[in-house]
Amino acid sequence: MIHCDGLVKIYKTDDLEVVALQGLDLHVEAGELMAIIGNSGSGKSTLLNMLGGLDRPSAGTLLVDEKDLLKFAERDLVKYKRETVGFVWQNNARNLIPYLTALENVELPILLKGRRKRLRALELLDAVGLSHRIKNRLSELSGGEQQRVAIAIALANEPKLLLADEPTGSLDTRMSDQILDLFRELNRKIGITVVIVTHDPLLARKVDRVVAIRDGKTSSEIIRRQSYAEELAELERGGLFKHEESHVEYAVIDKAGRLQIPANYLQADEFKEKNKVRVEMEEGRIILYPPEE
């Protein structure tokens, strides 16, 4: 579904140049539910904006559903945003029109496409668990319910890719869990590819793959040893959840052979404030040693 290769994004003003992405590589399979994590300024929101057709890459390769976004004219981008991708923002004001009811908010994008609106909108609100709140205005809905309406809107035109930018950032833990469970259910039922951008590493418990971005590059991937569904089934059988053993983390090596060493490893006294390491091959392993004094 998504193929990013050497993706670069540079923002320029008259006297300033900021490199937001520095040759990022990312591949997401169709039907996958995955998360992208990173600190503020790491480049994760820049990546999401480009996947959503809201911003253009400066260089590299960006294919979504076999469409080359670098070659898109403005008309192509409009069609792409209407038909291929759905977007859920953290700030509900960007998703919702406050003086409309939940049903009217979901009907609007369907109406713009000329389809029969009422039945489809009702189906979507039922899918996100809000069939009993269709006539309520936004002021009458909780933050979690408003976010569910936003997800229904993002699904209104049957996109192949759903992007969510910090969708649980303004919600409490219980409501965040419910929203993440909803993403998983939608992913399983309708097969939509879901990419969630967040700063919360605990999301790894809800998705099968987490990609970490650091300084505009993919730095590591956290992958489940067993799927979330298998883990839940094991818990129901009376098994124990062992968080330490449920995931394995891989550093990502780019095509030039570079990798980002986890920052906490570099805080060890032997490596602290050093800009070199000694690399040796030992018994089929690549070993990093601190530089010799």
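Residues numbered from 1 in each chain as written. Predicted model: local features only at pLDDT ≥ 70, side-chain atom pairs only at ≥ 80, totals over all residues. Heavy atoms only, no water.

As annotated in an unreviewed UniProt entry, the chain is ABC transporter ATP-binding protein from Paenibacillus nasutitermitis.

Any chance you could explain helix H5 (residues 143-154) here in plain terms?
Note on helix geometry: an α-helix contains 3.6 residues per turn, so any two residues three or four positions apart are oriented the same way. Across its 12 residues, H5 extends 17 Å between first and last C-alpha, which sits within 8% of the 16 Å expected from 1.5 Å per residue. Of all 12 residues in H5, 11 are buried, a share of seventy percent or more. Along H5, the residues classified as buried are Gly144, Glu145, Gln146, Gln147, Arg148, Val149, Ala150, Ile151, Ala152, Ile153 and Ala154. (Helix = DSSP H or I, 4+ residues; strand = E, 2+ residues; numbered from the N terminus. Expected span 1.5 Å × (residues − 1). Buried < 20%, exposed > 50% of the residue type's maximum accessible area, 1.4 Å probe, protein only.)

Help me understand the layout of surface pockets in this model?
Empty space among the atoms can be located by rolling a probe the size of a water molecule over them. Taken as a whole, the largest pocket holds about 1,000 Å³ of empty space. Around the largest pocket, the lining comprises 37 residues; the ones closest to its centre are Arg214, Gln260, Ile261, Pro262 and Ala263. Elements that contribute at least two residues to the lining of the largest pocket include exactly strand S9 (209-214), strand S10 (217-224), strand S11 (247-251) and strand S13 (285-289). By residue class, the composition of the lining of the largest pocket is 19 nonpolar, 12 polar and six charged. Taken as a whole, the second largest pocket encloses approximately 670 Å³ of empty space. Broken down by secondary-structure element, the contributors of at least two residues to the lining of the second largest pocket are helix H2 (74-83), strand S6 (85-88), helix H3 (102-112) and H5. When residues of the lining of the second largest pocket are assigned to their parent elements, the largest contribution, four residues, is made by H3. In terms of residue class, the lining of the second largest pocket is built from 12 nonpolar, five polar and five charged. (1 Å grid on protein atoms, 1.4 Å probe; cavity = no way out; pocket = protein on both sides within 12 Å on 5 of 7 lines; lining within 4 Å. Points joined across faces, edges and corners; volume = space filled by probe spheres on them. Nonpolar A, V, L, I, M, F, W, Y, C, P; charged D, E, K, R; others polar.)

Help me understand the pattern of salt bridges, please; the structure alone is not making it clear to me.
A side chain of one charge can pair with a side chain of the opposite charge when the charged atoms of the two come close. Taken as a whole, this structure holds 15 salt bridges when the rule is applied. Taking the shortest distance from any N to any O, the salt bridge between Glu74 and Arg56 comes out at 3.7 Å. With Glu74 in helix H2 and Arg56 in the loop between helix H1 (44-51) and strand S4 (59-64), this pair connects stretches of sequence that are 18 residues apart. Of the residues examined, Arg56 reaches a relative accessible area of 31% and is grouped as partly exposed. Here Asp65 and Lys160 are joined by a salt bridge, their closest N and O atoms 3.1 Å apart. Remark: Lys160 occurs in the loop between H5 and strand S7 (161-165) and Asp65 occurs in the loop between S4 and strand S5 (67-68); sequence separation between them is 95 residues. Residue classification places Lys160 among the partly exposed residues on the basis of a relative accessible area of 44%. Counted as one network, the salt bridges with shared partners bring together Glu32, Arg209 and Glu221. (Salt bridge = Lys/Arg side-chain N within 4 Å of Asp/Glu carboxyl O.)

Could you clarify how one ought to interpret the sheet that holds strand S1 (residues 2-12) in this entry?
Note: strands within a sheet are paired through backbone hydrogen bonds, in either parallel or antiparallel orientation. Taken in spatial order, the four strands make up an open sheet running S2-S1-S4-S5, and their pairing is antiparallel. Here the strands that pair on one side only, and so sit at the sheet edges, are strand S2 (17-28) and S5. Note: S4 against S5, two bridges, orientation antiparallel. Counted as the bridge partner of Val64 is Lys67 from S5. Packing against the sheet, H1 makes contact with S1, S2 and S4, and its axis sits at approximately 110° to S1. (Pairing = 2+ DSSP bridges. Contact = heavy atoms within 4.5 Å. Axes fitted to C-alpha atoms, helices over the stretch in contact; angles between N-to-C directions.)

Explanation requested: the packing of aromatic side chains in the structure shown.
In this description, a pair of aromatic rings is defined by centroid distance and the angle of the planes. Per the counting criterion, the structure on display carries two aromatic pairs. Judged by centre distance (5.9 Å) and plane angle (65°), the rings of Phe72 and Tyr80 are edge-to-face. Seen from their ring centres, Phe87 and Trp89 are 4.3 Å apart, and the 10° between their planes marks the pair as stacked. Relative accessible area serves as the criterion here: at 14%, Phe87 is assigned to the buried category. For Trp89, a relative accessible area of 12% gives the class buried. Over the ring of Tyr11 we find Lys9, and its NZ or CZ is 5.0 Å from the ring centre. (Phe/Tyr/Trp six-rings, centres within 6.5 Å; stacked < 30°, edge-to-face > 60°. Lys NZ or Arg CZ within 6 Å of the ring centre and 35° of its normal.)

Could you clarify how one ought to interpret the sheet that holds S10 in this entry?
If you trace the seven strands from one edge of the open sheet to the other, you get S6-S7-S8-S3-S9-S10-S11, paired in mixed fashion. The open sheet has two edge strands with one neighbour each: S6 and S11. Across this sheet, the average inter-strand angle for adjacent strands is 20°, counted without regard to direction. Of the strand pairs in this sheet, S9 and S10 are connected by six bridges, and their pairing is antiparallel. Each bridged residue has a counterpart across the sheet, and for Ile213 the counterpart in S10 is Thr218.

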